[in-house]
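Here is what each chain is made of, one letter per residue.
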Amino acid sequence: MIDPLPQPPALIRSLTQPIADALSLKTLPLHGHEVLLSFIAYYLMENFLAPRFSAEFFATTYSSLPPRTKINWNIRVVSTIQAIFICGLAFWTVLADKERENMNLEERIWGYTGALGMTQAFAAGYFIWDVKISATNVGILGWGSLAHAVSALLITSLGFRPFANYYGVAFVLYAMSTPFLNLHWYLDKCNMTGGNAQLVNGVALLASFFGSRLVWGTYQSVMVYQDILAILQQNVGEGPGSSTRTGDSGVMRFSDGKVLPLWLAYTYLGSNTLLTVLNFYWFGRMVETVTKRFRSPHNKKAKLASE
């Protein structure tokens, strides 16, 4: 399936081509404009849309927040919008991209379609912004947030080789729980802790996080582990420099016939494993955070420890 958006301007292709050549990111020049558009959009949301929207519609609450909490508030506005957009785009791609649906083992690892590249590009633009915002606000967001952002950007960027594009769209669906997580935080800040709205949202948060990250995410991780190990076994059987993969005009047109480098396999699997471990850790923290708001009659006065 082709990328439904217009082709990148010649200037963007010329600027991204040296990066693509240096890092072996063959499909990056085809989607550089989408990465840039995504980053700019989220930067503008953080610095202009989120503060103005919040000051207009949550004037009393927003104006009373300390500067650190305002930063967190604005970041969560951006991540909520991004989660809704990227999950919708990923669902559309999974349903509409028939080439992805019919991919075999080697195509799941090395295959490429324009629709997969587009979804990956919009995710990459967000993760570039996420790394920037996490690094400059590590005292507010924590080191775990920075580690997550770096790992997610690394996995997404490797997709431009192309590598594991098939699974990239699947992992994007991690973000299904993000709007509920942010709403839980906002309800605290709006003095609605422990109310019915937070109870309903808390159930939705735990269910969506457990389903999208721990069940779906872990299942997809196991699947990609199996595919990568199968490709590595093919490498051993065929010997260095040989492969059953052949480039053509279809989903394998960017395949170069080389075996899977061990560093690429280990980097991808290591980053994916880190994300999975963080998801289980955060789920435990999330259960504790949600349930403590409903343990006593004074729970409405409880606040999130982390801002």
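By convention here, each chain's residues receive numbers from 1 onward along its written sequence. Per-residue local features are limited, in this predicted model, to residues with pLDDT of at least 70; the limit for side-chain atom pairs, both in listing and counting, is 80 or more; totals at the level of whole chains, interfaces and linings are taken over all residues. Derived side-chain values reflect all non-hydrogen atoms in the structure, with water molecules and hydrogen atoms excluded from consideration.

- The protein appears in an unreviewed UniProt entry as TLC domain-containing protein from Letharia columbiana.
- Regarding the protein, the relevant UniProt record gives this comment under Subcellular location (unreviewed entry): "Membrane". UniProt positions are given in the numbering used here, feature names are shortened, and annotations may be inferred rather than shown by experiment.

## Section: the overall build of the protein
Next, step 1: Each helix corresponds to a stretch of at least 4 residues labelled H or I by DSSP, and each strand to a stretch of at least 2 residues labelled E; elements are numbered beginning at the N terminus. Along the protein, the regular secondary structure elements total 13 helices and 0 strands.
Next, step 2: Throughout, radius of gyration means the C-alpha value; the globule benchmark is 2.2 Å times the number of residues raised to the power 0.38. Its C-alpha radius of gyration of 21 Å places the protein within 12% of the 19 Å reference for a compact globule of 307 residues.
Next, step 3: Principal axes of the C-alpha set define a box for the protein whose edges measure 65 × 40 × 35 Å.
Next, step 4: Accessibility here uses a 1.4 Å probe with only protein chains present; expressed as a share of the type maximum, an area under 20% marks a residue as buried, one over 50% as exposed, and anything in between as partly exposed. Within the span of the protein, comprising 307 residues, buried residues form 50% of the whole.
Next, step 5: Considering only contacts within the protein whose residues lie at least 6 apart along the sequence, 79% involve residues at least 24 apart.
Next, step 6: Shrake-Rupley sampling with a 1.4 Å probe provides the accessible areas, and residues are treated as covered by the protein chains on show and by no other component. Accessible surface computed for the protein: about 14,600 Å², of which carbon and sulfur atoms make up 68%. Working rule for contacts: check all heavy atoms of both residues, and any pair within 4.5 Å makes them a contact.

## Description of the UniProt feature "transmembrane region" (unreviewed entry) in the protein
Next, step 1: Annotation from UniProt places "transmembrane region" (unreviewed entry) at residues 73–94, 109–128, 140–160, 166–187, 199–219 and 263–283.
Next, step 2: Across residues 109–128, the secondary structure splits into 85% helix and 0% strand, with the terminal C-alpha atoms separated by 23 Å.
Next, step 3: Annotated as 77% helix and 0% strand, the span residues 166–187 places its first and last C-alpha atoms 36 Å apart.

## Quick look at unusual backbone geometry
Next, step 1: Cis geometry is adopted by the peptide bond preceding Pro-162, which originates at Arg-161 and carries an omega value of -5°.
Next, step 2: Relative to the assigned elements, Pro-162 resides in the loop between α9 (143–158) and α10 (165–172).
Next, step 3: Look at Asn-191: it is not a glycine, yet its phi comes out positive at around 60°.

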